[in-house]
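What follows is the residue order along each chain.
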Amino acid sequence: MDNLLELLVERIGEKRAEHSIRVMDTAVKLASHYSSDINKARIAGALHDCAKYRDKSYLLKRASDFGIILDKTMIINYQLIHGPLGAKVAEDEFGIEDEEILDAIRYHTTGRENMSLLDKIVYMADYIEPSRNFSGVELARQLAFKDLDESLIYAMNNTILDLIKTNKLIHLDTIKARNYLVSKKLYSSLNL
Ligand SMILES: [Fe+2]
Ligand SMILES: [Fe+2]
């Protein structure tokens, strides 16, 4: 783990690595709360931003080197690229082979339809890590430990509303992720 964190600082700088450690610690807490694999949560949390490079042309170049097909939304909102690129970098440079961990890294920004428990843990850990201080974060923190799906719906609704307010594109995976969770809740409330 020490080597992994050293390499992470080398790749993305100290500040982003500090955020990654806070996400790692939060992911571990959520994993233990929901009886999920703590070691997987630790690695996925630590590496979720391992490809969060600042430079757009470098992001695009590396994505093309790995043969990642980028959709229009990713090209325009290029910050989204660090998700799928991160999964490749975690495999290639950090030697991670576990598909569940790689998927949690791949989908930590957009979410996806039918997210795994680890996907959800990393997504929420990134959203609520202790240095986050946007309005509503306290409620998100409470929800995350009370009802993980409800916390994801809350986080995704906020994210989608922000994207609409700033006239940005919404990635289809985010819509699919949110709709999947909302329809699951609605179906269960129908008692069918
Ligand atoms: Fe990220
Ligand atoms: Fe992050």
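Attention here is on the structure that accompanies the text. (Residues numbered from 1 in each chain as written. Chains lettered and ligands numbered in written order. Predicted model: local features only at pLDDT ≥ 70, side-chain atom pairs only at ≥ 80, totals over all residues. Heavy atoms only, no water.)

## Observations regarding the coordination of the iron ion (ligand 1)
- Note on the iron ion (ligand 1): its protein donors are Asp 49 (OD), His 82 (NE2) and His 108 (NE2). The metal-donor distances range over 2.1 Å.
- In the primary sequence, the donor residues of the iron ion (ligand 1) line up as D-x32-H-x25-H.
- In this structure the iron ion (ligand 2) is found 3.5 Å away from the iron ion (ligand 1), and Asp 49 serves as a bridging donor for the pair. Of this pair, His 82 sits in helix H6 (residues 82–94) while His 108 is found in the loop between helix H7 (99–106) and helix H8 (117–128), placing the two residues 26 residues apart along the sequence.
- With relative accessibility at 5%, the residue His 82 sits in the buried group. (Donors = N, O, S within 2.8 Å, 3.2 Å for Na, K, Ca; no water. Helix = DSSP H or I, 4+ residues; strand = E, 2+ residues; numbered from the N terminus. Buried < 20%, exposed > 50% of the residue type's maximum accessible area, 1.4 Å probe, protein only.)

## Considerations on the pattern of salt bridges
- In total, this model carries 16 salt bridges according to the counting rule given.
- Of the charged contacts in the structure, one is a salt bridge between Arg 132 and Asp 126, with a shortest N-O distance of 3.1 Å.
- Among the residues examined, Asp 126 registers a relative accessible area of 11% and is labelled buried.
- For Lys 184, the salt bridge goes to Asp 149, with nearest N and O atoms at 2.8 Å. On the criterion of sequence distance, the pair formed by Lys 184 in helix H11 (residues 172–189) and Asp 149 in helix H10 (residues 148–165) is long-range, its members being 35 residues apart.
- Looking at Asp 149, the relative accessible area reads 12%, which means it is buried.
- Each member of the salt-bridge network shares a partner with another, and the members are Glu 10, Arg 11, Arg 62 and Glu 93. (Salt bridge = Lys/Arg side-chain N within 4 Å of Asp/Glu carboxyl O.)

## Some points on the packing of aromatic side chains
- Tallying each qualifying case throughout the model produces 2 aromatic pairs.
- A centroid spacing of 4.9 Å and a plane angle of 65 degrees characterise the contact between Tyr 53 and Tyr 58, whose relative ring orientation is edge-to-face. (Phe/Tyr/Trp six-rings, centres within 6.5 Å; stacked < 30°, edge-to-face > 60°.)

## Observations regarding the nonpolar core
- With 54 residues, the main nonpolar core has Leu 8, Leu 47, Leu 85, Phe 94, Ile 96, Met 124 and Leu 152 as its most contacted residues.
- Top contributing element to this core by residue count: H8, with 8 residues.
- Residue contacts for Leu 152: discarding those within four places in its chain leaves Met 115, Lys 120, Tyr 123, Met 124 and Leu 181. (Core = buried A, V, L, I, M, F, W, Y, C linked by side-chain atoms within 4.5 Å. Contact = heavy atoms within 4.5 Å.)

## Details of the coordination of the iron ion (ligand 2)
- Looking at the metal site, the iron ion (ligand 2) is ligated by His 19 (NE2), His 48 (NE2), Asp 49 (OD) and Asp 126 (OD), spaced 2.2 to 2.4 Å from it.
- Every donor counted, the 4 donor atoms about the iron ion (ligand 2) form angles of 81 to 172 degrees at the centre, which fits irregular coordination. (Tetrahedral: all angles 85-135°; square planar, octahedral: opposite > 155°, others 65-115°.)

## Some thoughts on H11
- Counted at 1.5 Å a residue, the expected span for H11 with its 18 residues is 26 Å, and the 26 Å between its end C-alpha atoms agrees.
- Buried residues of H11: Thr 174, Ala 177, Leu 181 and Val 182, and no others. Around the axis of H11, the buried residues are gathered within 115 degrees of arc, so they sit on the same side. With respect to the buried face of H11, the exposed residues turned more than 90 degrees away are Leu 172, Leu 186 and Tyr 187.
- Turning to H11, the residues buried within the fold contact H8 and H10.
- Directly beyond the C-terminal end of H11, a positive phi value near 55 degrees is found at Asn 191. (Expected span 1.5 Å × (residues − 1). Arc of directions from axis to C-beta.)

## Some points on helix H4 (residues 56–65)
- Burial in H4 covers these residues: Leu 59, Arg 62 and Ala 63. One side of H4 carries all its buried residues, which in axial view fall inside an arc of 100 degrees. Facing away from the buried surface of H4 by more than 90 degrees, the exposed residues are Ser 64 and Asp 65.
- Looking at the buried side of H4, the elements it contacts are H6.
- In the stretch just after H4, Gly 67 is the one whose phi turns positive, near 75 degrees.

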